[in-house]
Amino acid sequence: MDASWLIPLAPGLSAFLLIIFGRSLSRRLVTWLACGSVAVAFSFSLLSALRLRAAAGSVPYPARILLSWIRAGDFRADISFRFDPLAAVMVLVVTGVGLLIHVYSTGYMAREKGYARYFAALNLFTFSMLILVLASNFILMFVGWEGVGLCSYLLIGFWFEKPAAAKAGMKAFLVNRIGDAGFLLGILVLLFAVGSAEFSAVDQAVSGGAIAKSTATLAALLLFAGATGKSAQIPLHVWLPDAMEGPTPVSALIHAATMVTAGVYMVARMNALYAFSGTAAGVVAAVGAFTAVFAATIALVQNDIKRILAYSTISQLGYMFLGCGVGAYAAGIFHLVTHAFFKSLLFLAAGSVMHALSGELDIRRMGGLRHRLPLTYTAFLIGTLAIAGIPLFSGFFSKDAILSAAYAGGHRLLWAAGLLGAVLTAFYMFRLVFLAFHGGERTTPEVRDRIHESPSSMTVPLLILSGLAAMAGWIGIPAVLGEKADLLRRFLAPVIPVIRTPHAGSSSEWFLILTATSAAGLGLGLAWLFYQRWPGLPARFAAWCPGLHKILLKSYGVDEIYQAVLVRPLVGASELTYRRFDLGLIDGAVNGAGAATRFAGRLAASLQTGRIKDYALGFLLGTTIFLAWILL
Amino acid sequence: MSLPLLTILWALPLAGAVLLIFLPKERRDILYGTALTFTGLVLALAIWLFIRFDGATAGPQFVERTAWLGGGVQYHVGIDGISLVLILLTAFLMPLAVLSSRNAVSSRLKEYLFFFLLLEAGIIGVFAALNLILFYVFWEVVLIPMAFLIGVWGGPRRVYAATKFVLVTMFGSLLMLAAILVLGRLSAEAGGAAAFDILELHRLAIPAGTQTWLFLAFAVAFAVKVPMIPLHTWLPDAHVEAPTAGSVLLAAVLLKMGAYGFLRLALPIFPDAAARFLPALAALAIAGILYGGCMALVQKDIKAMVAYSSVSHMGLIMLALFSSNIESVQGAVFQMLAHGLSTGLLFLLVGILYERAHTRSLADFGGVARVMPVFAAFFLVASLASLGLPGLSGFVGEFLCLYGIFGAHSIWAVLAVPTVILSAAYLLGALRRVMHGPVADDRVRGLRDMTWREIAVTAPIVVLILWLGLFPRTFLAKTEASVSAAIRLIEKRDRIFVRTSAPATEAARGEFEERRR
């Protein structure tokens, strides 16, 4: 029996219970409800995925309508799910990584006042994310899309008494809404072009030539606007670094592993549309490649451990879009999966560091931690090796898949950008490792005395994720190393057809592997030179070109530009309009100059006797006179 | 013979009001009990009507028609799906509004409740009337109690606000009255059987030139009520000064009377004129969406912020009505319900806060979520419903509106869509300033969270907000046939051209003149 539609049920139910009764439940019960529900969801996901694999090839995957939701005229939207290989991969990541992070949170958040509130939001997030990936149509996907946005808002602002946290939550929601306005219009364009919001109908319209190329491009680009918001791509990337105000497990789950990949998922889900449009795919690739390099350069100079990871996430999401944009949708999803493992590992390890150092975030005040936190160090190192693309670790395979697809597709410029990004990635990640875990201890004495390794609820998830971050690459071994070893791509083939992917040929494939490895090695080596061999070098560099250093430190000033160009003018103009126009002109006209005002005054004065009986009488009299005048 | 249910429906609150006059004014419990009983009975009857209503039928149901005044003016009431859901909304909010007044109103309770019940009778009458004279009488009945609720039980600038409210809406009403009289004459000339009958007027072919003037008169009256810019400035004042329950009904129901007026009268009776002025009206609606949103962004008073958000939301509803296709009008009607619930809830919550803190200025708060967590949760739900979060009521209405608008004129939808950004900006902005940040001062620290009674007043609205978001077809199914009938009228598909022969016209005019004398 197909039980995939039951996957979101348990987290949803648990979220509902925690929202209503959370404050009166014991912590123990909250823990069991929250983690148990995600464990149930994970089991269902696993069962459904295995069943799907057993029944491989039996396409198409039917949509299961659970509730006929909205009907008006020609418009219909149903609550209906479809479980296909792409959805299977996504639900496994969401519930699997989600479960580990739920468990980790029970340790990390153990002493928080809002324990139940935290898990209510985390469960609600899991529920919404599952709706997003299981939805069989755009309208329901949008429900999940906005739902995860809400949970992100709630969890970034979890410590709402801190103004920066409250502000960051709101910023995240607003920036996402800008993208969502485009997303909504994209849905509308598709609805009118195709006549249905079902993904299968869109795919059919594309393959059957029922949709014009220009319309497809318009719809795809509008939808991509939503993706740039959700997945923090230029120009809507500004919310993600600030989102680090939330608890670290939240950054790991929502702002690294799952929610921010929703945009990539959507593009991969609509691969037929983007491929058909061509132009839209090109835009996706260009935005992705540019973002990948852009965010990586910012990460080079940041000192806040979570902000470095945040910019790294933006950059890695760029890689995923680059993969999708050059037609390697499966590679994009592959990188999504490996990134979910190694980035959540990095965040959780960073959380473990913060936990040990009483909340310290600045890597300039860390150093030498590898001796104090060996387990955390090992985990962080594995994550770093994976993200930097060191051979045999997961990130190597997925990044290589994207870069070789770009190269083979003839996009040499995009490929070069990806390669440059790879150098930068290895550099900033090993800079982080060297500064935080190697060298002398720069922690303050009070902090130093209390350094301790985290409890097992936190270290066990670290161990599991370390294993996944190291090994997950083996599901996508490049063709040159083994025929049919590319398990993931073959699993996804029913949804993401492997059509006419230009093959690089074995010699150039080896060339690509070599260049990618050299890029990672170059970054690592430079980081070693800068932060291990000659520690005075970074300061000399910064002094050599202070302007550039400052610009990078300020993240190119994009926030400031938006404030100056968009926010302040809008608020200022509204303020001015309100005072001058609404209160001044219109109101003045309504109040009426001269006679009207005097008339109003006299009328009001004579009416205001203060006795209700007079008013009632007047009312009665008026009605009578009026009726008499009409009828007699 | 079946019971005259609709008459009972509007007569019940009136009876309650009359009963209140004879009750001792010191016995607050008895007064409350009476008001609650009568509004409760109305709600029960409204639910009964809702269940019994056949959504597949387009024409009015529960019709009562008897000779009323002389000259062929009949007492004619009946409800279609659109009236039905608006009456249900009114009946649902009324007991909650009465309950919410328990702490807020200290003086002249008897009169307060009297006006409240009178207000309910008027609103129900407006939505049920099928005769223009009857409609106008109820329309004016609504105006008076609301003016008193603002003027007597309102805030410091209540007299100014009430006067402005009366003058502006009266200005519109008088134009409408003049137009109604002309319409009556036209229908008499056309040889209509029943004078001023709305259903007959729907089928009357009126010369284009005459239509223009009559339409404008009606349009102004209704645009004031909606309100459409630039006729909106009475609304922020009225809201800021009105007592909480008054604000709730004003936003949730009274504004909808304007939209209802367009849908029931102005658009279907004068389709040619309507078509002519549609671009201008749509422009005003779009301007209202954006303008209201921007004004809400810079308000310092929470109530004023919610008031301007209503201007914005009503702009979208009007734009959807002017798009006149099934999806857009279904969306507009649904959004009237959704907006009624979310904005009603917002006003109730602001009232709860005001009762404790005696201020509504955004700057006076901060960290309220720490001291009033339950309140903060309710406020969050109301805000999310208002900004159209999927799963809650606002999304269904907003999406259907945008869908329909896009289908009519895609550029209108593009211009209207920034509302999803603006609404999030002003609502979450207010939420942040009031709820988040460090606890502002000792006054805020001393605020107590919602009481069980307050939860009992607001929780039903939250449940309905969720219900509308998840099971919108409960309501959409009741309105679909009526909406498509209304659209056929607007598009003149059902119009029967009444032939007017000269002698008949003369005779009718003679009769009409005689009647007037």
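Asks: How would you sum up the overall build of chain A? Please name residues and give values.
Replies: When helices and strands are tallied, chain A shows 28 helices and two strands. Across the 632 residues that make up chain A, the buried fraction comes to 58%. In chain A, 80% of the contacts between residues at least 6 apart in sequence involve partners at least 24 apart. When the accessible surface of chain A is split by element, carbon and sulfur atoms take 68% of a total near 24,200 Å².

Asks: Describe the overall build of chain B, and please don't skip the residues or the numbers.
Replies: When its secondary structure is counted, chain B shows 22 helices and two strands. Here chain B has a C-alpha radius of gyration of 22 Å; the compact-globule value for 517 residues is 24 Å, and the two agree. Dimensions of chain B along its principal axes, counting C-alpha atoms only, are 80 × 60 × 40 Å. Across the 517 residues in chain B, those meeting the buried criterion constitute 68%. Relative to all contacts within chain B whose residues are 6 or more apart in sequence, the contacts with residues 24 or more apart total 81%.

Asks: Residues and numbers for the packing of aromatic side chains, please.
Replies: Each aromatic ring pair is summarised here by two numbers: the centre-to-centre distance and the angle between the ring planes. In the structure shown here, the tally under the stated rule is 55 aromatic pairs over all chains. On the numbers, 5.4 Å between centres and 80° between planes, the contact of Phe224(A) with Phe321(A) is edge-to-face. One end of the pair, Phe224(A), is in helix α8 (residues 213–230); the other, Phe321(A), is in helix α14 (residues 305–325), and 97 residues separate them in sequence. Judged by relative accessible area, Phe321(A) falls into the buried class, the value being 0%. With 5.8 Å between their ring centres and 55° between their planes, Tyr407(A) and Phe511(A) make a pair best called tilted. You can see Tyr407(A) sitting in helix α18 (residues 394–408) and its partner Phe511(A) sitting in helix α23 (residues 506–533), a full 104 residues away along the chain. What links up through ring pairs into an aromatic cluster is the set Trp69(A), Phe75(A), Phe138(A), Phe142(A), Trp145(A), Phe183(A), Phe192(A), Phe199(A), Phe395(B), Phe399(B), Tyr403(B) and Phe406(B). One Lys or Arg, Lys399(A), reaches over the ring of Tyr319(A) and ends 5.4 Å from the middle of that ring. When the ring centre of Tyr407(A) is taken as reference, the NZ or CZ atom of Arg412(A) above it lies at 4.0 Å.

Asks: Explain the side chain of Ser45(A) to me, using residue names and the numbers behind them.
Replies: Residues and elements named next belong to chain A. Tracing the backbone through its elements, the reader meets Ser 45 in helix α2 (residues 27–54). By relative accessible area, which is 0% here, Ser 45 ends up buried. Look past the residues within four positions of Ser 45 in its chain and what remains in contact with it is Ile 7, Phe 83, Val 91, Leu 92 and Thr 95.

Asks: I'd love a proper account of the nonpolar core, names of residues and values included.
Replies: The biggest cluster of nonpolar side chains holds 427 residues, and the ones touching the most others in it are Phe138(A), Tyr274(A), Phe218(B) and Phe262(B). Counting 20 residues, the second-largest nonpolar core is a separate cluster that includes Ala406(A), Tyr407(A), Ala422(A) and Leu512(A).

Asks: Which residues make up the pattern of salt bridges, and what values do they have?
Replies: Residue and element names in this part refer to chain A. For the coordinates displayed, the defined rule picks out 24 salt bridges over all chains. Put simply, Arg 76 and Asp 78 hold a salt bridge, and the shortest N to O gap is 2.8 Å. Asp 78 gets classed as buried once you look at its relative accessible area, which sits at 4%. We note a salt bridge from Arg 372 to Glu 441, for which the minimum N-O separation is 3.3 Å. Highlighted residues: Arg 372 in helix α16 (residues 369–372) and Glu 441 in the loop between α19 (412–437) and α20 (445–449), separated in sequence by 69 residues. Looking at Glu 441, the relative accessible area reads 33%, which means it is partly exposed. Three or more residues joined by partner-sharing salt bridges are found here, namely Lys 171, Asp 242, Arg 307 and Asp 559.

Asks: For the confidence of the model for chain B, give the residues involved together with the corresponding values.
Replies: When the pLDDT values of chain B are averaged, the result is 88; 95% of them are 70 or greater. On the interface metric, ipTM, the complex scores 0.90, and its pTM is 0.91.

Asks: Before we move on, can you summarise the packing of helix α1 (residues 9–21) of chain A against α2(A) with the specific residues and values?
Replies: Residues and elements named next belong to chain A. Close contact between α1 and α2 brings their axes to 8 Å; oriented N to C, the two are set at 160°. For the element pair α1 / α2, the angle class is roughly antiparallel. Like other packed secondary-structure pairs, α1 and α2 cross with a definite hand, here left-handed. Facing α1, whose interface residues are Ala 10, Pro 11, Ser 14, Leu 17 and Leu 18, α2 presents Val 30, Leu 33, Ala 34, Ser 37, Val 40 and Ala 41. Partitioned by chemical class, the residues of the contact of α1 with α2 number nine nonpolar, two polar and no charged.

Asks: For unusual backbone geometry, give the residues involved together with the corresponding values.
Replies: Cis geometry is adopted by the peptide bond preceding Pro227(B), which originates at Val226(B) and carries an omega value of -10°. For Pro227(B), the location among the structural elements is in the loop between α8 (208–225) and α9 (234–241). Following Ile229(B), the chain continues into Pro230(B) via a peptide bond in cis, with omega recorded as 5°. You can see Pro230(B) is positioned in the loop between α8 and α9. Its identity as a non-glycine residue notwithstanding, Tyr556(A) has a phi of 65°, on the positive side. Mapped onto the elements of the fold, Tyr556(A) is located in the loop between α25 (546–553) and α26 (558–591). For Tyr556(A), a relative accessible area of 30% corresponds to the partly exposed category. Within the chain, Arg108(B) stands out as a residue other than glycine whose phi angle is a positive 50°. Relative to the assigned elements, Arg108(B) resides in the loop between α3 (81–104) and α4 (109–128).

Asks: Report on the interface of chain B and chain A, specifying residues and quantitative values.
Replies: Between chain B and chain A, the residue contacts involve 84 residues of the former and 63 residues of the latter. Taken together, the two surfaces of chain B and chain A that pack against each other cover about 6,500 Å², and 75% of this comes from carbon and sulfur. The largest contributions to the chain B side of the interface with chain A come from Arg370(B), Phe399(B) and Tyr403(B), which together make up 10% of the buried area. Summed over the shared surface of chain B and chain A, the number is two salt bridges. The partner of Arg370(B) in a salt bridge is Glu161(A), with the nearest N and O atoms 2.6 Å apart. At the junction of chain B and chain A, the tally comes to 11 residue pairs in polar contact (both at pLDDT 80 or more). By residue number, the principal contributor to the side of chain B that touches chain A is helix α18 (residues 419–435) of chain B, which donates 11 residues.

Asks: Which residues make up empty space enclosed by the protein, and what values go with them?
Replies: Any empty space left between atoms is shown by rolling a water-sized probe over those atoms. All names here are of chain B. Counting across every chain of the model gives six cavities of 30 Å³ or more. Of the pockets and cavities examined, the second largest cavity occupies roughly 90 Å³. Looking at the second largest cavity, the residues that line it are Ser 100, Asn 103, Thr 244, Leu 348, Ile 352, Glu 355, Arg 453, Glu 454, Val 457 and Thr 458. Looking at the lining of the second largest cavity, the element that brings in the most residues is helix α20 (residues 452–470), giving four residues.

Asks: Kindly report on the environment of Thr291(A), identifying the contributing residues and their values.
Replies: Residues and elements named next belong to chain A. Position of Thr 291 relative to the elements: it lies in helix α13 (residues 279–299). Look at Thr 291 and you get buried, because its relative accessible area is 0%. Each C-alpha atom, one on Thr 291 and one on Met 458, is 32 Å from the other, the two residues being 167 residues apart in sequence. When sequence neighbours within four positions are dropped, the list of residues in contact with Thr 291 reads Ala 232, Gln 233, Ile 234, Ala 296, Ile 314 and Ser 315.

Cut-off values and rules
- Residues numbered from 1 in each chain as written.
- Chains lettered and ligands numbered in written order.
- Predicted model: local features only at pLDDT ≥ 70, side-chain atom pairs only at ≥ 80, totals over all residues.
- Heavy atoms only, no water.
- Helix = DSSP H or I, 4+ residues; strand = E, 2+ residues; numbered from the N terminus.
- Buried < 20%, exposed > 50% of the residue type's maximum accessible area, 1.4 Å probe, protein only.
- Contact = heavy atoms within 4.5 Å.
- Areas by Shrake-Rupley, 256 points an atom, 1.4 Å probe, with all protein chains shown as cover.
- Rg over C-alpha atoms; globule rule 2.2 N^0.38 Å.
- Phe/Tyr/Trp six-rings, centres within 6.5 Å; stacked < 30°, edge-to-face > 60°.
- Lys NZ or Arg CZ within 6 Å of the ring centre and 35° of its normal.
- Core = buried A, V, L, I, M, F, W, Y, C linked by side-chain atoms within 4.5 Å.
- Salt bridge = Lys/Arg side-chain N within 4 Å of Asp/Glu carboxyl O.
- pLDDT = per-residue confidence, 0-100.
- Axes fitted to C-alpha atoms, helices over the stretch in contact; angles between N-to-C directions.
- Parallel < 35°, antiparallel > 145°, perpendicular 65-115°, else oblique.
- Left-handed = near helix turned anticlockwise from the far one by under 90°.
- Nonpolar A, V, L, I, M, F, W, Y, C, P; charged D, E, K, R; others polar.
- Buried area = accessible area lost by both parts, 1.4 Å probe.
- Polar contact = N/O pair within 3.5 Å; in protein donor to acceptor, adjacent residues only side chain to side chain.
- 1 Å grid on protein atoms, 1.4 Å probe; cavity = no way out; pocket = protein on both sides within 12 Å on 5 of 7 lines; lining within 4 Å.
- Points joined across faces, edges and corners; volume = space filled by probe spheres on them.

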